[in-house]
Amino acid sequence: MAEHVLLIGGGGREHAIARALESSEARRASSGRTESDDGEVDLYACAGNRNPGIARLATEFETLETTNPKAVREYAEDVGATLAVVGPEAPLEAGVVDELEDAGIYAFGPKAEEARIETDKAFQRRFMAEHDVPGCPEFETFDEMDAACEFIDEYDGDLAIKPAGLTGGKGVKVIGDQVSAEEGKAYIRDSDYDRIVLEERLVGEEFTVQAFVADGELRTAPAVQDHKRAYEGDEGPNTGGMGSYSDATFELPFMTEADYEEAVSIMEATVDALEEYRGILYGQFMLTSEGPKVIEFNARFGDPEAMNTLPVLETPFLDVLTAARDGDELPELEFASQATVCKYAVPEGYPTDPKAGAKVQVDEESAGDALLYYASVDERDDGIYTTTSRAFAVVGVADSITAAEEIAEEALEVAGEEGLHVRHDIGKPELVQQRIDHVAELRGNQ
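These lines cover the structure that appears in this document, whether it is placed above or below. Quick caveat: nothing in here was measured; it's all calculated off a predicted structure.

Right, let's get into the packing of helix α6 (residues 112-119) against helix α7 (residues 121-130). Axis separation between α6 and α7 bottoms out at 6 Å; the angle between their running directions is 95 degrees. Here α7 runs roughly perpendicular to α6, going by the angle between their axes. Where α6 approaches α7, its residues Arg116, Ile117, Glu118 and Thr119 are matched on the opposing element by Lys121, Phe123, Gln124 and Phe127. Looking at the contact of α6 with α7, its residues break down into three nonpolar, two polar and three charged.

Among the 10 residues of α7, seven are classified as buried, and the element is accordingly described as predominantly covered. Every buried residue belonging to α7 is among Lys121, Ala122, Phe123, Gln124, Arg125, Phe127 and Met128, and all of these are buried. Elements that come into contact with the buried residues of α7 comprise α6, β6 (139-142), β7 (159-163), β9 (196-200), α10 (257-273) and β17 (291-298). At the exit of α7 stands aspartate 132, carrying a positive phi of roughly 55 degrees.

Taken together, Asp143, Glu144, Asp146, Glu150, Glu154, Asp192 and Asp194 make up a surface patch of like negative charges. As for its position among the elements, aspartate 192 is in the loop between α9 (181-190) and β9.

Looking now at the pairing of strand β11 (residues 217-220). As defined by bridge partners, strand β10 (residues 205-214) adjoins β11 across four bridges and the pair is classed as antiparallel. Counterpart to alanine 214 in the pairing with β11 is glutamate 217. In this antiparallel pair of consecutive strands, β10 and β11, the connection spans two residues, and aspartate 215 shows a positive phi of 50 degrees.

Structurally, phenylalanine 392 can be placed in strand β22 (residues 392-398). A C-alpha to C-alpha distance of 4.4 Å links phenylalanine 392 and tyrosine 374, two positions 18 residues apart in sequence. With near-sequence residues (within four places) excluded, phenylalanine 392 lies in contact with Lys343, Tyr344, Ala345, Val360, Val362, Leu372, Tyr373, Tyr374, Ala375, Leu412, Ala415 and Leu420.

Taken in spatial order, the four strands of this open sheet run β11-β10-β16-β17, and their pairing is antiparallel. Single-partner strands in this sheet number two, and they are β11 and β17. Across this sheet, the average inter-strand angle for adjacent strands is 35 degrees, counted without regard to direction.

The rules behind each value
- Residues numbered from 1 in each chain as written.
- Predicted model: local features only at pLDDT ≥ 70, side-chain atom pairs only at ≥ 80, totals over all residues.
- Heavy atoms only, no water.
- Axes fitted to C-alpha atoms, helices over the stretch in contact; angles between N-to-C directions.
- Helix = DSSP H or I, 4+ residues; strand = E, 2+ residues; numbered from the N terminus.
- Parallel < 35°, antiparallel > 145°, perpendicular 65-115°, else oblique.
- Contact = heavy atoms within 4.5 Å.
- Nonpolar A, V, L, I, M, F, W, Y, C, P; charged D, E, K, R; others polar.
- Buried < 20%, exposed > 50% of the residue type's maximum accessible area, 1.4 Å probe, protein only.
- Patch = residues over 30% accessible without salt bridge, like charges linked within 9 Å, V, L, I, M, F, W, Y side chains within 5 Å.
- Areas by Shrake-Rupley, 256 points an atom, 1.4 Å probe, with all protein chains shown as cover.
- Salt bridge = Lys/Arg side-chain N within 4 Å of Asp/Glu carboxyl O.
- Lys, Arg positive; Asp, Glu negative; His and termini not counted.
- Charge placed at Lys NZ, Arg CZ, Asp CG, Glu CD.
- Pairing = 2+ DSSP bridges.

Here it is in structure tokens:
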């Protein structure tokens, strides 16, 4: 019997999830498992935008508002969904998982209450402090903006300013890096945020570890480094993520195995305290001179980090989903010993003044050895065009970061630069070496 899997969301992350589900049958077959193992997948998808890459893989694609739990539930019931996977954070906050569970449909994702580990940064920090989760920086929460500004004046050091709610990865301002103290206070006063978290600025190198979680168990994936800044050299405003890379090992070149294990232990402590949590737990860390500290937790795959993790996942993704649903022990995850480099193409002017309407000149065939993932695009009769958000990503997979980066660049050459912007420095040896040197300097090794 085929599983009817409903995928909720229409970005590049969800395109990667769709590919992983499609490949589950092939991965089962390569391991000697047969159709009698119920390894077939009928994929259905729904999103507010039509992703042409997902649509080509799905039996059916429905355009609907995914933050409307009842609309998602009705569609899930119409297609006879036996499983659901929620990609973005907004449907989690809206309670889509709760609604599907009420309908008897298992969704791999946290309910709204557990998703607060991402959707409410004030809750996140208080939760970490209450449960003695390691790696929590000094912080204070505010619902009076004047009080937050006074705290900035009185604090001895630099602070990160974080709106408590969801901002699509674009709301954080860091004093001493992106803004001055006076600019930070102006940002707070001019915003319409009702709650703010102020926390000590963490200095080091960022990395992400994503974990598959169910019934108190977690299985972790290789570390990934995202690049939030819009321009090369880590300049410009924050974005949803311009690209990312992973190594052929579980740790990144600037990390030790002990750094990775310490990050995993922090995630284990978090899962122990979040007794009902299920789905993906994404830990974003700063590797400081004192070891990993938690920048934030997310309640879903990262975008772009999913595009680094899922292509090298050799365990059928469907097996993880069915084990979680059926209350079985999660399978031990196997990953190919390969590096990945992901680079996003975004519309010219992104993120502050994006200009839509550039034609996308690359497709799955012309991308060569790279994997192509569509994100926010407009499919017309004569082709695919950019919108005002991230358009598509290309991912190189190879034995080394350098080789993977070259594969990604070859695909971008086909795509061209007209109407697009790309951070070409992601994954290049010079930038990776800068990360290595930075950590060595923090640790006093230089």
